[in-house]
Amino acid sequence: MTALLAGIRVLDLTNVLAGPYAGYQLALLGADVVKVEAPDGDLARQLGASPALNAARMGASFLAQNAGKRSVVLDLKSEPGRAAFLDLVASADVVLENFRPGVMERLGLAVEVLRARRPDLIYCAISGFGQTGPLRDNPAYDQIVQGLSGVMSITGTPEAAPLRVGYPACDTLGGLFGAFAIAAALVRRARTGEGAVLDVSMLESTISALGWPVSNYLTADVEPRPMGNENMTAAPSGTFRTGDGLLNIAANKGEQFMALCRLIGRPELADDPRFAERETRKANRLALRDEIEAALIHGSAAEWEARLNRAGVPAGRVLTVPQALAEPQVAERAMTARFPDVPGVGRPLDVVRGGFLVDGEAPRPSRPPPALGQHQAEILGDDP
């Protein structure tokens, strides 16, 4: 496979999550991503479930999104560090940073200074709230953005909400939007020779991803509310108890609902006035769930999943993360890449790739996550 971003150099100044995730997506596509780290390194090197890896500055949080990159150490607060960075900018296509707004200017590395070295530079700044606005200077962590975006208000059951989504969704979305914007800017530059300044907001990225709930409010004046595992657009569509395990069923279409009723041995439910139409099914979703679960108790989630999918009724077990990674579907499409030897890790390392194939092949990182300053001599010709 020819890497889609082969020949593109990215200077990745980012730390912890949103920015490094954006840089990782570019590295997976073949860009030469040079991770420019402060002398104490990316904070993510000290974060994760393994104290030993944290102490070795190779924390699991760092390993998750820095494969394929090379690492150099530069103190951008020093004149030599800034001079070395500007030398790198001259050969770079993209500068990616996720400092608070104003930090690059205070370092003497404003976009105008960088463009004096590389006029067609693509400069991408990822921050919690963007480079302008009343919140621009506020510190931003994923949970803060989850709360401010409205995500927490619609997560969980009516009794339990608001709840945080169980992974850093807003950081991840900010990183994805950043990588997407950079890729689009590279396309325009190839056509016109023009660089770009990209201002990516985690808050705005998250609100954008809340398309359906936001649209229901803007267009129908219906305020989104937490519904647990139910689907506001259809019923039966949610999570159901079986004789062994939980099962998600999304019988969103009338024909799927009728097929479901037939398969569970309750064809009469399709004619019940409470459930005969889409809107009545939604209005009586809890009663319908009880009827369906009373039938599902006679089989396991795995058995029902197979039967329902064969009949065209979307269904899937509720799995743990280890179970999901062990699924044959995930294994066949090579969702993880293994590195047998990683400095500072001391054992084989598996990392997750991006969520797509290119020409039938999985884009994988070309190298394992780097030790701090591992490529100093290779890139700068000196030691950390």
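Quick notes on the rules
- Each chain carries its own residue numbering, running from 1 in the direction its sequence is written.
- In keeping with the model being predicted, local features are shown solely for residues with a pLDDT of at least 70 and side-chain atom pairs are shown and tallied solely at 80 or more, while totals for entire chains, interfaces and linings include all residues.
- In computing side-chain properties, one takes all heavy atoms of the structure into account and sets aside hydrogens as well as water.
- Any Lys or Arg side-chain nitrogen located within 4 Å of an Asp or Glu carboxyl oxygen qualifies as a salt bridge.
- Secondary structure elements are taken from DSSP: a helix is a run of H or I of four residues or more, a strand is a run of E of two residues or more, and numbering for both begins at the N terminus.
- A 1.4 Å probe rolled over the protein chains alone gives each residue an accessible area, and that area as a share of the maximum for its type sets the label: buried under 20%, exposed over 50%, partly exposed in between.
- Each Phe, Tyr or Trp ring, with Trp reduced to its six-membered ring, pairs with another whose centre is within 6.5 Å; inter-plane angles below 30 degrees give stacked pairs, above 60 give edge-to-face pairs, and intermediate values give tilted ones.
- In our convention, an over-ring charge means Lys NZ or Arg CZ found within 6 Å of a ring centre and within 35 degrees of that ring's normal.

*Asks:* Help me understand the pattern of salt bridges, please; the structure alone is not making it clear to me.
*Replies:* This structure, assessed with the given rule, holds 26 salt bridges. The salt bridge partner of Arg189 is Asp93, with a shortest N-O separation of 2.7 Å. You can see Arg189 sitting in helix H8 (residues 169-192) and its partner Asp93 sitting in the loop between helix H4 (79-89) and strand S4 (94-97), a full 96 residues away along the chain. Residue Arg189 shares its accessibility class with Asp93, and that shared class is buried. A salt bridge links Arg274 to Asp272; its shortest N-O distance comes to 2.9 Å.

*Asks:* Would you mind showing me how to read the packing of aromatic side chains here?
*Replies:* Both the distance between ring centres and the angle between the ring planes are used here to describe each pair of aromatic rings. Across all of its chains, the model carries zero aromatic pairs by this definition. Here Arg45 stacks its cationic end above the ring of Phe62, 3.9 Å away from the centre of that ring.

*Asks:* Hey, could you run me through unusual backbone geometry in this one?
*Replies:* Glycine aside, residues mostly have negative phi angles, and peptide bonds mostly take the trans form. Cis geometry is found at the peptide bond from Ala161 to Pro162, where omega equals 5°. Counting through the fold element by element, Pro162 comes out in the loop between helix H7 (142-149) and H8. Residue Ala235 is joined to Pro236 through a cis peptide bond whose omega torsion reads 0°. By the element assignment, Pro236 lies in the loop between helix H10 (211-220) and strand S7 (237-241). At Arg57, a residue that is not glycine, the phi angle is positive and equals roughly 60°. Within the secondary structure, Arg57 is located in the loop between helix H2 (51-55) and helix H3 (60-63).

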